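Observations on the three-dimensional arrangement
Residues per chain, in single letters:
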Amino acid sequence: MKSPFRYPGNKTALLDPIMARLEPHLDRARIYLEPFVGGGSVALAVAQRYADLEIVLADADPNVADFWSVLIGCEATFLRLLRLLQVPPCMSMGHRVRHHLTRDPFLRAYQCLFINRVTFSGGVFNTGLLARGTGDGIRARYNAADLARCMIAARAALRGRTTVHSMDVMYSLHLPFDVVYLDPPYIAHGANIYRASMCEHQHRVLGDTLKRLRRPWLLSYDDQPLVRDLYQGCRIETVSVPHWVRRTMKRKKRVELLIEPTGGGAQ
Ligand SMILES: C[S@@+](CC[C@H](N)C(=O)[O-])C[C@H]1O[C@@H](n2cnc3c(N)ncnc32)[C@H](O)[C@@H]1O
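Helix and strand content of the protein chain: 11 helices and 7 strands. Expressed as a percentage of the 267 residues in the protein chain, the buried residues total 38%. Put simply, of all contacts in the protein chain between residues at least 6 apart along the chain, 71% involve residues at least 24 apart.

Shown next, in the form of structure tokens:
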């Protein structure tokens, strides 16, 4: 199932290896937790394959959490969001939405997906708008009908069994769950890509916490010396992800790590 987002660092290309590692645990689980949900590519795959699973999603970026909350929330508000997203973007709208500060969960949900679709990198906050010279300019990545299709399918998969929290990973790990998949911001560039990111200390605290966790967990990371150091003693596998480099329009491979506790983390 396709996410409505073009999220930087999304795991669409890694779904097969991720699901292969999660499935043995999901088969026995009642509650699945994803504390860095972002564009939700893995959460949607899990929801699609496991119809009876309770799903808990969280993200430290309140706009991201508000998007998923509105997606699974009351029908009238969801339909209002769909209608608003049908308005095709223009540059002045792009500037206005991008710079609008709001605490309204509905507007934040709109802002989150709108900005994601009209910026260069698919960022969800202050990255540059797609401009003339990039195909259709600001509309180049904005297909309103496709967005509506993705959102309706995602709502059908998640609604009635999903809860969403706007919180830091260290809080979400205290929620009840049987298996957790974590996709933290990249160590190398996370601070430039996401509104919420993590400093080295937070990456270290997360590593210490996971290594003590007595439940199954799976983690994806960029291949950095800090990560290999933090997760010594765990099972670390290298997977390569094909991706387009926009500047050269060439397909390249990026390496990511999938990390699990040895022994599966079961109690
Ligand atoms: C790599 S992205 C997740 C991408 C997602 N797996 C996907 O497929 O779209 C990391 C996410 O973590 C969130 N984040 C950053 N720091 C966080 C923290 N300390 N606690 C929870 N979420 C955080 C960011 O807002 C971002 O949405």
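This part takes up the environment of Leu-175. Counting through the fold element by element, Leu-175 comes out in the loop between helix 8 (169-172) and strand 4 (179-182). When the C-alpha positions of Leu-175 and Leu-33 are compared, they lie 8.5 Å apart, and in sequence the two are 142 residues distant. Apart from residues lying up to four places away in sequence, Leu-175 is in contact with Leu-33 and Val-56.

The subject of this paragraph is the packing of helix 4 (residues 75-85) against helix 6 (residues 105-118). Contact geometry of helix 4 with helix 6 gives a least axis separation of 10 Å together with a crossing angle of 40°. Relative to helix 6, helix 4 is oriented oblique. Helix 4 and helix 6 meet at a crossing whose hand is right-handed. Across from Thr-77, Leu-81, Leu-84 and Leu-85 in helix 4, the residues of helix 6 making contact are Phe-106, Ala-109, Tyr-110 and Leu-113.

Let us look at the site of the ligand. The immediate surroundings of the ligand are formed by 24 residues, with Gly-9, Phe-36, Gly-38, Gly-39 and Ala-60 found nearest. For the shell around the ligand, the per-class residue count stands at 11 nonpolar, 8 polar and 5 charged.

This part is about the nonpolar core. For soluble globular proteins, nonpolar side chains are generally found buried alongside one another. Counting residues in each nonpolar core, the largest one holds 60 residues, and the members touching the most others are Tyr-32, Ala-43, Val-46, Ile-55, Leu-57, Phe-67 and Trp-68. For this core, the element with the highest residue contribution is helix 6, accounting for 7 residues. If sequence neighbours within four positions are ignored, Ala-43 has contacts with Glu-34, Val-37, Ile-55 and Leu-57.

We now examine the pairing of strand 4. The two faces of the sheet receive side chains in turn, since in a regular strand these alternate between them. Because side chains alternate across strand 4, one face comprises the buried residues Val-179 and Tyr-181, and the other comprises Val-180 and Leu-182, equally buried. Pairing geometry for strand 1 (residues 31-34) and strand 4, over 2 bridges, is parallel. Bridge assignment links Leu-33 to a residue of strand 4, and that residue is Val-180. Where strand 4 lies against strand 5 (residues 217-222), 3 bridges are found, and the strand directions are parallel. Considered in strand 5, the bridge of Leu-182 is made with Leu-219.

With that settled, consider the packing of helix 3 (residues 62-72) against helix 6. Orientation of helix 3 relative to helix 6, taken along the N-to-C sense of each, is 105°, at an axis distance of 7 Å. The angle between the axes of helix 3 and helix 6 places the two elements in the roughly perpendicular class. Mapping the contact onto sequence places Pro-62, Asn-63, Val-64, Asp-66, Phe-67, Ser-69 and Val-70 in helix 3 and Pro-105, Phe-106, Arg-108, Ala-109, Gln-111, Cys-112 and Leu-113 in helix 6. Taken together, the residues that form the contact of helix 3 with helix 6 break down as 9 nonpolar, 3 polar and 2 charged.

Parameters and conventions
Residues numbered from 1 in each chain as written. Predicted model: local features only at pLDDT ≥ 70, side-chain atom pairs only at ≥ 80, totals over all residues. Helix = DSSP H or I, 4+ residues; strand = E, 2+ residues; numbered from the N terminus. Buried ≥ 20, exposed ≤ 12 C-beta atoms within 10 Å, placed from the backbone. Contact = placed C-beta atoms within 7 Å. Axes fitted to C-alpha atoms, helices over the stretch in contact; angles between N-to-C directions. Parallel < 35°, antiparallel > 145°, perpendicular 65-115°, else oblique. Left-handed = near helix turned anticlockwise from the far one by under 90°. Near = placed C-beta within 6 Å. Nonpolar A, V, L, I, M, F, W, Y, C, P; charged D, E, K, R; others polar. Core = buried A, V, L, I, M, F, W, Y, C linked by C-beta atoms within 7 Å. Pairing = 2+ DSSP bridges.

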